Amino acid sequence: MAAAGVKVPFGELLRQGDIPTIKPPVVIKPASSDNSCGVTLVKNVADYDAALKTAFEHSDQVLVEEYIELGREVRCGILVKDGELVGLPLEEYLVNPHDHRIRNYEDKLKRTEDGDLSLTAKDGVKAWMLDPRDPVTKPVQEVAKRCHQALGCRHYSLFDFRIDPQGQPWFLEAGLYCSFSPKSVIASMAKASGISVNELLMIAIDETLINKAACRE
C-alpha cells in the first residue's frame, strides 16, 4: 500500500516476548481476529503490558500501529465494471476525538435478549451511508482505487480509512469479502448508487467471463 503512494500508519508485528518500540499513542490489534476483539488504544507506556496481554488472547501475533489523530472514519468499496474501477458511496462510522477515538466490539455486534447476534452497523446510528457530494468522498475513492490495484483485487474490494484532521485518508484495513446478501456492505453501497444485488452479481460474472476470454486469446 505504502509503495503505491497510500498513507499507512507505521506499525510493527510482535510475537510473544517481543517488546514494542513505537511510542504511544498506538493502537494494538490481534493479527488474526475480527470485529475489534482484543483491540486497544494505548495512550501511555504503562498501559502496554495489559493491552498486549489482551491482544495475545486472540492471536499469536499482534500488530502495533501508530495512532492517527481522528477527523473521521469511513469505509469505501470499489467495483470493477466494464474493466474500469468504480468508487461506490462511502459508509461513515460513529467515532469522535473526545471519548470514542476507535471503534470497538459494541460498535459492530450486539447480542439480543434471546442471545442472538446482530450487526449494529446496520442500524443507521453506529454507521451510515454518506451523501456522494460529501467532500471526503472523491479523495477516499481515489486512494481506495490505489489500494485495489496494489493488492491485485478482482471484481470488487473494500477498505477502511481514517481521515486525519487535515482531511488526509490513512489506510486501516482491507475487508475483502462480499456475501451478495442485500444487507452486506458492498451490496448496500451498490444499492446507494442505484445498483441492485442482482445487477451487482451479474457485473461480477460478466467481468469473470471477460477475463477468462482474454486469457484464452
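Residues numbered from 1 in each chain as written. Predicted model: local features only at pLDDT ≥ 70, side-chain atom pairs only at ≥ 80, totals over all residues. Heavy atoms only, no water.

J.: How should I be thinking about the overall build of the protein in this particular structure?
T.: Helices and strands together make up the secondary structure of the protein, namely four helices and 12 strands. A sequence separation of at least 24 residues applies to 61% of the contacts in the protein between residues at least 6 apart. Just so you have it, the protein exposes about 12200 Å², and 52% of that area is on carbon and sulfur atoms. (Helix = DSSP H or I, 4+ residues; strand = E, 2+ residues; numbered from the N terminus. Contact = heavy atoms within 4.5 Å. Areas by Shrake-Rupley, 256 points an atom, 1.4 Å probe, with all protein chains shown as cover.)

J.: Would you take a moment to explain the packing of aromatic side chains for this structure?
T.: The geometry of an aromatic ring pair comes down to the distance between the two centres and the angle between the two planes. Tallied over the full model, the rule gives three aromatic pairs. By the ring-pair criterion, three or more aromatic residues cluster together here, those being Phe159, Phe161 and Phe171. (Phe/Tyr/Trp six-rings, centres within 6.5 Å; stacked < 30°, edge-to-face > 60°.)

J.: I tried to follow unusual backbone geometry on my own but got confused; where do I start?
T.: Most peptide bonds take the trans configuration, and most residues that are not glycine carry a negative phi. Cis geometry marks the peptide bond from Pro24 to Pro25, where omega comes out at 10°. Within the secondary structure layout, Pro25 lies in the loop between β1 (11-15) and β2 (26-30). Phi at His155 takes a positive value of approximately 75°, unusual for a residue other than glycine. Tracing the backbone shows His155 in the loop between α2 (137-151) and β11 (156-163). His155 gets classed as buried once you look at its relative accessible area, which sits at 16%. (Buried < 20%, exposed > 50% of the residue type's maximum accessible area, 1.4 Å probe, protein only.)

J.: Sorry, what's going on with the sheet that holds strand β4 (residues 61-66) here?
T.: For sheets, the rule is that strands pair by backbone hydrogen bonds, running either parallel or antiparallel. Read from one edge of the open sheet, four strands run β1-β4-β2-β3, paired in antiparallel fashion. Strands with a single pairing partner mark the edges of an open sheet, and in this sheet they are β1 and β3 (40-42). For this sheet, the mean angle separating the axes of adjacent strands, direction not counted, is 25°. Direction of pairing for β1 relative to β4: antiparallel, over a ladder of five bridges. Bridge pairing in β4 links Leu14 to Val62. (Pairing = 2+ DSSP bridges. Axes fitted to C-alpha atoms, helices over the stretch in contact; angles between N-to-C directions.)

J.: Teacher, can you tell me more about the pattern of salt bridges here?
T.: Side-chain pairing between opposite charges can occur once the charged atoms of the two side chains come close. A complete count under the given rule lists eight salt bridges for this structure. Linking Lys29 and Glu65 is a salt bridge whose minimum nitrogen-to-oxygen distance equals 3.0 Å. Linking Lys29 in strand β2 with Glu65 in strand β4, this pair joins segments that are 36 residues apart in sequence. In this pair, the class of Lys29 matches that of Glu65, namely buried. With a closest N to O distance of 2.7 Å, Arg75 and Asp160 form a salt bridge. (Salt bridge = Lys/Arg side-chain N within 4 Å of Asp/Glu carboxyl O.)

J.: Can you help me understand the environment of Val185 in this one?
T.: The topology assignment puts Val185 in helix α3 (residues 185-192). Measuring from C-alpha to C-alpha, the distance between Val185 and Gly175 comes to 9.9 Å, with 10 residues separating the pair along the chain.

J.: Honestly, the nonpolar core in this entry has me stumped. Any pointers?
T.: For soluble globular proteins, nonpolar side chains are generally found buried alongside one another. Ranked by size, the top nonpolar core spans 16 residues in total, and within it Val74, Cys76, Leu90, Val140, Cys147, Phe159 and Phe161 carry the most contacts. Counting residues per element, the ones that place at least two in this core are β5 (72-81), α2 and β11. If you tally residues by element for this core, the top one is α2, at four residues. Not counting the four nearest positions on each side in its chain, Val140 is found in contact with Val74, Cys76, Leu90, Phe161, Ile163 and Pro169. (Core = buried A, V, L, I, M, F, W, Y, C linked by side-chain atoms within 4.5 Å.)

J.: Help me understand a nonpolar patch on the surface in this model?
T.: Residues Leu201, Met202, Ile205 and Leu209 make up a contiguous nonpolar surface patch of roughly 340 Å² in combined accessible area. As for its position among the elements, Ile205 is in helix α4 (residues 197-216). (Patch = residues over 30% accessible without salt bridge, like charges linked within 9 Å, V, L, I, M, F, W, Y side chains within 5 Å.)

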